[in-house]
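Commentary on secondary and tertiary structure
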Amino acid sequence: MTRLSSPEKLECARKEIVAKIDPSKPCISVCAGAGCLASGAAEVIAAFKTELEFHGLTTEVNTRGTGCPGFCERGPIVMIYPGEICYLQVKPADVPEIVSHTIKEKKVVERLLYVNPATGEKVTRESEIPFYKNQQRNILSENIRLDSKSIDDYLAIGGYSALSKVLFQMKPEDVMGEIKKSNLRGRGGGGFPAWRKWEESRNAPDPIKYVIVNADEGDPGAFMDRALIEGNPHSILEGLIIGAYAVGAHEGFIYVRQEYPLAVVNINLAIRQAAERGLVGKDILGSGFDFTVKVHMGAGAFVCGESSALMTALEGRAGEPRPKYIHTAVKGVWDHPSVLNNVETWANVPQIINKGADWFTQYGTEGSKGTKIFSLVGKISNTGLVEVPMGVTLREIIEKIGGGIPGGKKFKAVQTGGPSGGCIPEAQLDLVVDFDQLTKAGSMMGSGGMIVMDEDTCMVDIARYFIDFLKDESCGKCTPCREGIRQMLRVLTNITTGKGKEGDIELLEELAESMGAALCALGKSAPNPVLSTIRYFRDEYEAHIRQQRCPALACKEMIAFHIDPAKCKACGTCFKQCPAEAIEGGKKRIHVIDQEKCTKCGTCFDVCPKQFGAVGKISGEPVPPPVPEEKRAL
Amino acid sequence: MDIKRIDEIIEKHDSEESSLIQILLDIQSEHHWLPKEALNRVAEKLQVPLSRIQHIATFYKAFSLVPKGRHEVHVCMGTACHVRGAQRVLDAVQDATGIKPGETDADLKFSLETVNCLGCCALGPVMEVDGKHHGNIAPSQIASVLNNCD
Ligand SMILES: Cc1cc2nc3c(=O)[nH]c(=O)nc-3n(C[C@H](O)[C@H](O)[C@H](O)COP(=O)(O)O)c2cc1C
Ligand code: FES
């Protein structure tokens, strides 16, 4: 591997790589992101290799493992080029047919195509699937174009040209100016303008400065950072080096959570490859600019995603936040100026440099420019990663891209912003998605988790869930957070177990107010899920407290399972499967649940054949007395 | 765990104090828990007080100060998995193994932990056994997955 010691050499290397690519040569791209790997992508890739060998096609067809294209619900995803044919939910057993049909005979395997549920039509090309068609995939679209382990692939699509441009045609101030003009706001939390932090660090007199990637992605339910760093690690690295040049830093860190082992492998590999090519290290591209970077694995603590805690963790200590009278941009890691940005924020940087701030600002709203990636999960038909321009409505995301709620259920709320965010109800679905509008609605953008909930989700339980989550994650250093969360959890647990009292809602509101005094944003924003559910779903809280009723029929302690004697056909399914042996039944005898023995596991409810639908849930009213023994014969 | 191996890990990280967490993570990942001797050795080599190492080992969830079972079962309790029934998956795992989150069974076969998010949220609910993900898992499938572990 030769070092690229000048911008010209970089362009030469790129030309050589591109010249070797034959666009007419078939290429089989299989998503090798963690989602598809969990659905068996590795086995599919292996099957393709064996099958191609069997047909003697190994040299005539390329196979590669790409980053995540986002449609994880339907993985493993296979794309065949040329033609951009997209096959979904591919199993190793489908591989021989794909090779013999599509590769050899250029025919499409119909049964593996996406079927539009609305029209019943089959869709061949990826870009025409509604899930993708309604997105603006500025960043994510690169994922599928490259092998995540190949620097050559990244160079082939123009990789490191932004870095080269910055180092040779722009002064640090120019870079700063471009980022400022783009008004790029942080994608990891509060939406703080990136240039402000950069400028603050740059202006700090200390000559030792750091730039840092926050890939801790603690928000449960969000996985866009994972997809980016796994799928296109070089783009993050390139963004980081550009930031370092602008700020005047020569060292950087990439903080990745250890729960993402593939991300750790891919980013380390990318750094090694870039170092071999002279794109990281001393005298980058012969410019005289030095930059080294280290990967630091997180060890499982949500609070370490917070900037000051993350920096403490980088120093090798327990990641506890500190008060930020002085910004971390001025005094961060080992008290040196440190710029921390989220993975997606860094991923935007090379594109802004290459295409210009004006290109970037054509997307988005007045205050929030560009696109944002959301992870659309929960009770939604098309789950996966969704990249849209800021300013689209929640309804567009949920209905047009997400395909609505599965199983004919009713939409109830969408949760954004993770444990610091809130729940947004149906009535607000036409809300425009940007940093400021979401905050106004009592939620926040956060890192982009978007968890859809349907009528079966209890909103009090969701509030309890987040507080329970935070109870384990509060570092315990400051009292308002540590004690406030504990007390809130106690009240919420009471409400969801039927022990709620009048005044509990007001008590929660009072506790929330006192938590504003917490040391870091974890504690300050912890009440948000509670406050937003009280704001929009107060009636659910009241039903729990006043009528001992869970309207969503979700809180285990407040529901009972009951078999409707008029509907039971004595099929014996629930009788056989009940793990608690709580069902009395028998041939041609109406089945009855023994409420004393029932553990409320819900198995009977799940297994009762749909056409009978005899098992129901009851809340807030007494369970009808069991049918007397002598009347049970059918 | 072999002291020589611990020394190798420490040297791989240039015996740097700032790499303390990374060193402990490497030991944890190879040995599946952090024995007292290992902590003592790290303290001695890096010249840091044992109390600081213990603070770290108890602060971060990735570390265990007690031996783990041969099979590590992680059930995701992240929001996406929660709304798709993670609690019932956890209940089924507890029934099948007889242990609660944070526990290891008496014959050191299974350890059970809950985790916040494995990043496969689109496939929720998700269970991970020895690093292998099982997506869209139904409570009724749990017993058969766990029975396949020896
Ligand atoms: C408790 C807590 C957890 C956080 N976790 C993350 C995280 O996992 N990833 C992230 O990028 N930002 C996280 N943040 C936000 C960071 O503190 C910080 O604002 C962000 O990384 C800055 O990058 P940005 O300006 O590019 O968004 C968290 C904040 C808090 C208070
Ligand atoms: S919430 Fe379970 S994998 Fe993300």
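What you see is a predicted model; the values in this text were computed from it and never measured.

1. Observations regarding the overall build of chain A
Across its full length, chain A holds 24 helices and 19 strands. Taken over C-alpha atoms, the radius of gyration comes to 27 Å for chain A, in line with the 26 Å a tight globule of 634 residues would show. In terms of principal-axis extent, the alpha carbons of chain A reach across some 90 × 65 × 40 Å. Put simply, chain A has 634 residues, and 59% of those count as buried. Within chain A, contacts between residues separated by at least 24 positions form 71% of all contacts whose residues are at least 6 apart in sequence. With the model as given, the accessible surface of chain A reaches about 24800 Å², and the carbon-plus-sulfur share is 52%.

2. Overview of the site of ligand 1
Residue and element names in this part refer to chain A. In the vicinity of ligand 1 there are 19 residues, among which Gly188, Gly218, Asn341, Asn342 and Thr345 approach most closely. For ligand 1, an oxygen atom lies 2.7 Å from a polar atom in the backbone of Gly188. Residue Asn214 places a side-chain N or O atom 2.9 Å away from an oxygen atom belonging to ligand 1. The pocket occupied by ligand 1, as judged from atoms lying within 2 Å of grid points, is the second largest pocket. Among the elements of the structure, strand 10 (338-342) and helix 21 (521-525) are those that each provide at least two residues to the shell around ligand 1. At three residues, strand 10 tops the list of elements feeding residues into the shell around ligand 1. Considering only residue class, the shell around ligand 1 consists of four nonpolar, 10 polar and five charged.

3. Side note on the layout of surface pockets
Residues and elements named next belong to chain A. There is about 1200 Å³ of room inside the second largest pocket. Listed by contribution, the elements that provide at least two residues to the lining of the second largest pocket are helix 9 (194-203), strand 10 and helix 21. Counting residues per element, the lining of the second largest pocket draws most heavily on helix 21, which supplies four residues. Taken together, the residues that form the lining of the second largest pocket break down as 11 nonpolar, 20 polar and 10 charged.

4. With respect to the sheet that holds strand 4 (residues 132-134) of chain B
All names here are of chain B. One open sheet holds the four strands; their spatial order is 2-1-3-4, and the pairing between them is mixed. Every interior strand has two partners, whereas the edge strands, strand 2 (110-115) and strand 4, have only one. Here the average twist between neighbouring strands, direction ignored, is 20 degrees. When strand 1 (residues 71-76) meets strand 2, the two strands line up parallel, connected through six bridges. Within strand 2, the position partnered with Val73 by the bridge is Leu112. Contacts from helix 6 (residues 86-97) reach strand 1, strand 2 and strand 3 (127-129), with the element oriented near 155 degrees to strand 1.

5. A short note on unusual backbone geometry
Residue Pro76 of chain A follows Gly75 of chain A across a cis peptide bond; omega there is -10 degrees. Turning to its location among the elements, Pro76 of chain A is positioned in the loop between strand 2 (62-66) and strand 3 (78-81). With omega at -5 degrees, the peptide bond leading from Gly124 of chain B into Pro125 of chain B counts as cis. Take Pro125 of chain B: it is sitting in the loop between strand 2 and strand 3. Of note in this structure, Asp283 of chain A is not a glycine but carries a positive phi near 50 degrees. Assignment of secondary structure puts Asp283 of chain A in the loop between helix 12 (261-276) and strand 9 (292-298). Asp283 of chain A gets classed as partly exposed once you look at its relative accessible area, which sits at 36%.

6. Observations regarding the environment of Met77 of chain B
All names here are of chain B. Within the fold, Met77 resides in the loop between strand 1 and helix 5 (79-83). Classification of Met77 by relative accessible area gives buried; the value is 16%. The spatial distance from the C-alpha of Met77 to the C-alpha of Val115 is 5.9 Å, given a sequence separation of 38 residues.

7. Quick word on the pairing of strand 12 (residues 384-389) of chain A
Residues and elements named next belong to chain A. Taking burial as the measure, the six residues of strand 12 include five buried ones, the bulk of the element. Here six bridges tie strand 11 (residues 371-378) to strand 12, and the two strands are oriented antiparallel to one another. Residue pairing in the sheet places Lys372 in a bridge with Val388 of strand 12. Counting the residues between successive antiparallel strands, the hairpin from strand 11 to strand 12 contains five residues.

8. Considering the interface of chain A and chain B
Opposite the 57 residues of chain A that make contact, chain B presents 33 residues. Both sides of the chain A and chain B interface together cover about 3300 Å² of buried area, and 56% of this is carbon and sulfur. When the buried surface of chain A facing chain B is broken down by residue, Ala38, Ala299 and Tyr465 of chain A rank first, second and third, together holding 15% of it. Our count for the chain A to chain B interface comes out at five salt bridges.

9. So, the state of the cysteines
All names here are of chain B. In total, this model carries zero disulfides over all chains according to the counting rule given. With no disulfide of its own, Cys149 has Cys120 as its nearest cysteine by sulfur position, at a separation of 18 Å. The buried category is assigned to Cys149, whose relative accessible area is 12%.

10. Brief notes about the packing of helix 2 (residues 20-31) of chain B against helix 4 (residues 50-59) of chain B
Residue and element names in this part refer to chain B. Running from amino to carboxyl end, helix 2 crosses helix 4 at an angle of 65 degrees, the nearest separation of the two axes being 11 Å. Remark: the crossing between helix 2 and helix 4 carries right-handed chirality. Residues Leu20, Ile21 and Leu24 of helix 2 lie in contact with helix 4, whose contacting residues are Arg52, Ile53 and Ile56.

11. Brief notes about helix 14 (residues 343-355) of chain A
All names here are of chain A. Between its terminal C-alpha atoms helix 14 stretches 19 Å, which fits the 18 Å expected from 13 residues at 1.5 Å a residue. Judged by how many residues are buried, helix 14 sits mostly within the fold: 11 of 13 residues are covered. For helix 14, the complete set of buried residues consists of Val343, Glu344, Thr345, Trp346, Ala347, Asn348, Val349, Pro350, Gln351, Ile352 and Ile353. Looking one or two places after helix 14, you find Gly356, whose phi comes out positive at around 95 degrees.

12. Comments concerning the side chain of Thr345 of chain A
Inspection of the secondary structure puts Thr345 of chain A in helix 14. The exposure class of Thr345 of chain A is buried, given its relative accessible area of 1%.

13. A look at the sheet that holds strand 3 of chain A
All names here are of chain A. Taken in spatial order, the four strands of this open sheet run 2-1-3-4, and their pairing is mixed. Of all the strands in the sheet, the pair left with one neighbour each is strand 2 and strand 4 (85-87). Taking the axes of each pair of neighbouring strands and ignoring which way they run, one obtains an average angle of 20 degrees across the sheet. Where strand 1 (residues 27-31) lies against strand 3, four bridges are found, and the strand directions are antiparallel. Residue Cys27 lies in a different strand from strand 3, and its bridge partner there is Tyr81. The sheet contacts of helix 3 (residues 41-54) involve strand 1, strand 2 and strand 3, and relative to strand 1 the element is tilted by about 160 degrees.

14. Observations regarding the packing of aromatic side chains
Residue and element names in this part refer to chain A. In total, this model carries 16 aromatic pairs over all chains according to the counting rule given. Ring geometry for Phe71 against Tyr114: centres 6.1 Å apart, planes inclined by 50 degrees, an arrangement best described as tilted. Residue Phe71 is located in the loop between strand 2 and strand 3, and its partner Tyr114 is located in strand 5 (residues 114-115); the two are separated by 43 residues in the primary sequence. Pair check on accessibility: Phe71 and Tyr114 agree, each one buried. Between the aromatic rings of Phe131 and Tyr132, the centroid separation amounts to 5.3 Å while the plane-to-plane angle is 75 degrees, which identifies the pairing as edge-to-face. On the basis of relative accessible area, Phe131 is assigned to the buried category, the value being 0%. The exposure class assigned to Tyr132 is buried, which follows from its relative accessible area of 5%. One aromatic cluster is present, built from ring pairs that chain together Phe71, Tyr114, Phe131 and Tyr132. Sitting over the ring of Phe192, Arg196 keeps its end group 5.7 Å from the ring centre. The lysine or arginine in question, Arg257, covers the ring of Tyr260, its NZ or CZ lying 4.8 Å from the ring centre.

Reading the values: the criteria
Residues numbered from 1 in each chain as written. Chains lettered and ligands numbered in written order. Predicted model: local features only at pLDDT ≥ 70, side-chain atom pairs only at ≥ 80, totals over all residues. Heavy atoms only, no water. Helix = DSSP H or I, 4+ residues; strand = E, 2+ residues; numbered from the N terminus. Rg over C-alpha atoms; globule rule 2.2 N^0.38 Å. Buried < 20%, exposed > 50% of the residue type's maximum accessible area, 1.4 Å probe, protein only. Contact = heavy atoms within 4.5 Å. Areas by Shrake-Rupley, 256 points an atom, 1.4 Å probe, with all protein chains shown as cover. Near = heavy atom within 4 Å. Polar contact = N/O pair within 3.5 Å; in protein donor to acceptor, adjacent residues only side chain to side chain. 1 Å grid on protein atoms, 1.4 Å probe; cavity = no way out; pocket = protein on both sides within 12 Å on 5 of 7 lines; lining within 4 Å. Sits in = over half its atoms within 2 Å of the grid points. Nonpolar A, V, L, I, M, F, W, Y, C, P; charged D, E, K, R; others polar. Points joined across faces, edges and corners; volume = space filled by probe spheres on them. Pairing = 2+ DSSP bridges. Axes fitted to C-alpha atoms, helices over the stretch in contact; angles between N-to-C directions. Buried area = accessible area lost by both parts, 1.4 Å probe. Salt bridge = Lys/Arg side-chain N within 4 Å of Asp/Glu carboxyl O. Disulfide = S-S within 2.5 Å. Left-handed = near helix turned anticlockwise from the far one by under 90°. Expected span 1.5 Å × (residues − 1). Phe/Tyr/Trp six-rings, centres within 6.5 Å; stacked < 30°, edge-to-face > 60°. Lys NZ or Arg CZ within 6 Å of the ring centre and 35° of its normal.

These results come straight from atomic positions and should not be treated as a statement about function.
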